[in-house]
Amino acid sequence: MGAIDPENAAEGGLGGLLARGEVCDHPPATMSDQPDPVLDPNNEAYWKERGTTRPKLVWEKLSSSNNIEAYRTKVPGGWFVYVLQEYRDTGGCFFYADPAHRWDGAGYHG
C-alpha cells in the first residue's frame, strides 16, 4: 500500500476521509434521528396509534414421539411449526402451507 499523497487528499485521495484543514459539513447524529415509535411495530405506540393491540401467537402442542416436542400456530396461508428436542438443545421451525388450515396436526406415515 502506498503512502498518502497530501496534495491529492483534497480531491478525495484519502478514500472519504477528511484532509488536513477540511471541515465536515454533516452534523452529528442527534436524538431526532431516532425512528418514530409510531412507525415501529416493536413499540407499543405503533399499536396504540392504530387502535389495536399487538397480535398474539397461540401455540398448540402436537402429539409426537421420540422425545420430540412440536407446536404449531396459525399464520396467514398455513401454519408456523416449531419442533425441538429439549435435552439435546436442538430444534427448528418451518412454514407448512395450508391456506384453509385443514391440517389436523397428525403426521403422515407411509
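Please refer to the structure higher up on the page.
Residues numbered from 1 in each chain as written. Predicted model: local features only at pLDDT ≥ 70, side-chain atom pairs only at ≥ 80, totals over all residues. Heavy atoms only, no water.

1. Remarks on the overall build of the chain
Assigned secondary structure in the chain consists of two helices and four strands. The linear arrangement of helices and strands in the chain, starting from the amino end, is α-α-β-β-β-β. Scored against the burial criterion, the 110 residues of the chain give a buried share of 16%. For the chain, the share of sequence-separated contacts (at least 6 apart) that also reach a separation of at least 24 residues comes to 8%. Accessible area of the chain: about 9500 Å², with a carbon and sulfur share of 55%. (Helix = DSSP H or I, 4+ residues; strand = E, 2+ residues; numbered from the N terminus. Buried < 20%, exposed > 50% of the residue type's maximum accessible area, 1.4 Å probe, protein only. Contact = heavy atoms within 4.5 Å. Areas by Shrake-Rupley, 256 points an atom, 1.4 Å probe, with all protein chains shown as cover.)

2. Re the packing of aromatic side chains
Tallied over the entire structure, the rule returns six aromatic pairs. Aromatic pair Tyr46 and Trp47: ring centres 4.8 Å apart, planes at 80 degrees, arrangement edge-to-face. Taking the relative accessible area as the measure of exposure, Trp47 reaches 16% and is therefore buried. A ring pair is formed by Tyr71 and Tyr82, whose centres lie 6.4 Å apart and whose planes are at 25 degrees; its orientation type is stacked. Residue Tyr71 is found in strand 2 (residues 69-75), and its partner Tyr82 is found in strand 3 (residues 78-85); the two are separated by eleven residues along the sequence. Here the aromatic residues Trp59, Tyr71, Phe80 and Tyr82 are joined through ring pairs into a cluster of three or more. Lying across the ring of Tyr46, Arg50 places its NZ or CZ 3.6 Å from the centre. The ring of Trp103 carries the charged tip of Arg72 above its face, separated from the ring centre by 5.1 Å. (Phe/Tyr/Trp six-rings, centres within 6.5 Å; stacked < 30°, edge-to-face > 60°. Lys NZ or Arg CZ within 6 Å of the ring centre and 35° of its normal.)

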